[in-house]
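Examining the three-dimensional arrangement
Here is what each chain is made of, one letter per residue.
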Amino acid sequence: MNAKDAAIAAKKYFEETKSLIKFIFETISVKREGDKWIVICMVQDLFDEKAKQFKLTVDNEGEIMDVEKIDQSPC
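To keep things clear, this report deals only with the structure shown in the data block.

A few words now on the overall build of the protein. From N to C terminus, the protein includes one helix and four strands. When its helices and strands are written in sequence order, the protein yields α-β-β-β-β. Since a compact globule built from 75 residues should have a radius of gyration of about 11 Å, the 12 Å found for the protein is in line with a globular shape. Once the C-alpha set of the protein is aligned to its principal axes, its extents read approximately 35 × 30 × 15 Å. Of the contacts made within the protein by residues no fewer than 6 positions apart, 28% connect residues no fewer than 24 positions apart. Summed over its atoms, the accessible surface of the protein is roughly 5,300 Å², and 48% of this surface lies on carbon and sulfur atoms. A distance of 3 Å separates the average location of the 12 positive side-chain charges in the protein from that of its 15 negative side-chain charges.

Right under this line is the structure:
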């Protein structure tokens, strides 16, 4: 597993588990923390005006261990 594989696993998560038919997926960052990968990404349904940001934890086998929506509300 490398950074590219972790980002692909994150994208597949949204393709397979969410009801989004057409969406934009953008990887913001991928970094390794121990034996896990942390993927920060933006996901936007084509029919929504705003994208949502997520933090996914991916193990070395490409399995999604955790998904967290990152709050983007203004401070």
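Additional details are given in the paragraphs that follow.
Attention now goes to the packing of aromatic side chains. Any two aromatic rings considered together are summarised by their centre-to-centre distance and by the angle between their planes. Under the counting rule described, the total for this entry stands at three aromatic pairs. Plain terms: the ring middles of Tyr 13 and Phe 14 are 5.1 Å apart, the flat faces sit at 80 degrees to each other, and that makes the pair edge-to-face. In this pair, the class of Tyr 13 matches that of Phe 14, namely buried. Consider the rings of Phe 14 and Phe 25, whose centres lie 6.3 Å apart with planes at 45 degrees: the pair is tilted. With a gap of eleven residues between them, Phe 14 in helix 1 (residues 3-17) and Phe 25 in strand 1 (residues 23-33) connect regions that are remote in the sequence. Take Phe 25: its relative accessible area is 17%, and that puts it in the buried class. Within the aromatic cluster, the residues linked to one another by ring pairs are Tyr 13, Phe 14, Phe 25 and Phe 54.

So, on to the environment of Lys 4. Tracing the chain through its elements places Lys 4 in helix 1. Overall, Lys 4 belongs to the exposed group, its relative accessible area being 61%. For the pair Lys 4 and Cys 41, spaced 37 residues apart in sequence, the C-alpha separation works out to 13 Å.

The rules behind these values
- Residues numbered from 1 in each chain as written.
- Predicted model: local features only at pLDDT ≥ 70, side-chain atom pairs only at ≥ 80, totals over all residues.
- Heavy atoms only, no water.
- Helix = DSSP H or I, 4+ residues; strand = E, 2+ residues; numbered from the N terminus.
- Rg over C-alpha atoms; globule rule 2.2 N^0.38 Å.
- Contact = heavy atoms within 4.5 Å.
- Areas by Shrake-Rupley, 256 points an atom, 1.4 Å probe, with all protein chains shown as cover.
- Lys, Arg positive; Asp, Glu negative; His and termini not counted.
- Charge placed at Lys NZ, Arg CZ, Asp CG, Glu CD.
- Phe/Tyr/Trp six-rings, centres within 6.5 Å; stacked < 30°, edge-to-face > 60°.
- Buried < 20%, exposed > 50% of the residue type's maximum accessible area, 1.4 Å probe, protein only.

Read these as geometric descriptors, not functional statements.
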